[in-house]
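Structure assessment
So the chains spell out like this:
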Amino acid sequence: MSEIATKVQSIIVDKLGVDEKDVTMEASFTADLGADSLDTVELIMELEKEFDITIPDEAAENIATVGDAVAFIEKAQQN
Amino acid sequence: MSFKRVVVTGLGALTPVGNSAQQLWDSLIKGVSGAGLITRFDAEKFKCRIACELKEFDPLCHFDRKEVRKLDPFTQYGIVAAEEAIVDAGLNVDTVDKSRVGVVWGTGMGGVLAFQQEISSYLEGACVPRFSPFFVPKVISDICAGHLSIKYGFCGPNYATAAACASSAVAISDALMLIRLGKADVIVSGGSEAAITECSIGGFGSMMALSTRNDDPLTASRPFDKDRDGFVLGEGAGALVLESLDHALARGAHIYAELTGSGLTADAYHITASHPEGTGAKEAMRLAVKDSEMQLTDVDYINTHGTSTPLGDVSESKAVADLFGDHAYKISLNSTKSMHGHLLGAAGCVEAIATVLAIQNGVVPPTINHFADDPNIPQLDFTFNKPVNRDITFALSNAFGFGGHNVCLAFRKYL
């Protein structure tokens, strides 16, 4: 697992209060990890803060899984 | 239509002198003070460095980590106390008609800690507007009532009352009216407060409302004493399960006491100072007795608002002396704030619990920390320093709030 993926995983474990083993790349925030719309917004904000990036609302709407979040952050950090 | 009678069937308390209604009562009759130096934050630079904090309360014993983050302490306290009251009432949440169960909950300051933290983090973050989506639902005053409805599925009337330090007394009065009118069978009512924060201690301190007896916290809350110098801020929650007498009898519930009436008035005088003659307080007590269809001479006990402020204690005792005349000197009075401190929006309910338990146990808890009589205060029987045994049939509980709100609740022994 990449450094980014590990960090994302630990943020999700902290914010959503879920088990680390459940935070797979395929896991959906809402369907698998029990997040509601407010949890998802908070998570996105925490990722912005931790990785010092901006995730526009339109992009955030397309981040549904852990993998989506990791991919977005990796791309954002390359730019 | 005839009004329904309303009874108290469940008690729950989380206070600086006890984490349950029973522990609260045990401390009250022992005369235990819950005051100490503030540990919640570094109060070194504050004029007031003392408060009545909860003891040994760990939110993680009641909520998971995720819930703790989403609930301001005022909501955590409220849920814990309400749960105790619901269990104590023996209310079966699986079989009760949940559309007929409501929650009316008071708080003075709401989520003041969450507010302070969020604003601080905004300013520290160079004013980048990154507000948590949980900020608003943590701060708003009604959220505790909302959480209780979600937790138990109670779909009846659900809202918060705000009348500063009379908030939970207003909640209980509203619950009385709702049940009387048949709008609900059961109401979980009470209030919670978690305001031992920099901004509250600083704000109340600037108003000269707080005791600054920092070198002797245990004796700082001394209602009706000559050398009282302000209130000691407390925190926690109180909860009552109130229900119609018919509903309580039908399910064979234990009845602590009957809530027979309430009186509500405004001083229409000043934003923080009580009226010097206690006119609003006097009228609230008169109305509560009248609402109960009782006589002034029936009153055995008054749990006063008695905050230990220089002005408030004078006007309240004058109000009692003036309203009750000769009978005033036959009434047992006390201020349990001498022990648990001033729980602001939760005070009315915590003191209603003390009143109900005084009726049930036939004991008036003391007003501790009395050292010298104040010549400006009528020398009523304030139950100074030691509890007294007394058969209590009819009792009042006062709560007054900044803004000039006065509430008096009346309870009668259920026979």
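For the structure, see preceding data.
Residues numbered from 1 in each chain as written. Chains lettered and ligands numbered in written order. Predicted model: local features only at pLDDT ≥ 70, side-chain atom pairs only at ≥ 80, totals over all residues. Heavy atoms only, no water.

Taken together, the ten residues of chain B in the interface contact 14 residues of chain A. Taken together, both faces of the contact between chain B and chain A bury some 1,000 Å²; the carbon and sulfur share is 49%. Joining chain B to chain A, the criterion identifies five salt bridges. With a closest N to O distance of 3.2 Å, A:Glu42 and B:Arg69 form a salt bridge. (Contact = heavy atoms within 4.5 Å. Buried area = accessible area lost by both parts, 1.4 Å probe. Salt bridge = Lys/Arg side-chain N within 4 Å of Asp/Glu carboxyl O.)

On to helix 8 (residues 198-206) of chain B. What sets the pattern is the α-helix's 3.6 residues per turn: residues three or four places apart point alike. Residue and element names in this part refer to chain B. Within helix 8 the residues assigned to the buried category are Ser200, Ile201, Phe204 and Gly205. End-on, the buried residues of helix 8 take up no more than an arc of 125°, which puts them together on one face. On its buried face, helix 8 is in contact with strand 3 (50-51) and helix 4 (112-124). The positive-phi residue at the C-terminal boundary of helix 8 is Met208, with phi of around 60°. (Buried < 20%, exposed > 50% of the residue type's maximum accessible area, 1.4 Å probe, protein only. Helix = DSSP H or I, 4+ residues; strand = E, 2+ residues; numbered from the N terminus. Arc of directions from axis to C-beta.)

The next thing to look at is the sheet that holds strand 4 (residues 101-106) of chain B. Residues and elements named next belong to chain B. Strand order across the open sheet formed by ten strands is 5-4-6-7-1-8-14-13-9-10, with mixed pairing between neighbours. Here the strands that pair on one side only, and so sit at the sheet edges, are strand 5 (158-161) and strand 10 (332-334). Put simply, the sheet's adjacent strands are angled 25° from each other on average, direction ignored. By the bridge criterion, six bridges tie strand 4 to strand 6 (residues 186-193) in an arrangement that is parallel. Within strand 6, the residue paired with Val104 across the bridge is Ser189. Across the sheet, helix 3 (residues 73-88) is in contact with strand 1 (6-14), strand 4, strand 6 and strand 7 (236-244); its angle to strand 1 comes to roughly 130°. Contacting strand 9 (301-303), strand 10 and strand 13 (394-401), helix 11 (residues 310-324) runs over the sheet at an angle of about 140° to strand 13. (Pairing = 2+ DSSP bridges. Axes fitted to C-alpha atoms, helices over the stretch in contact; angles between N-to-C directions.)

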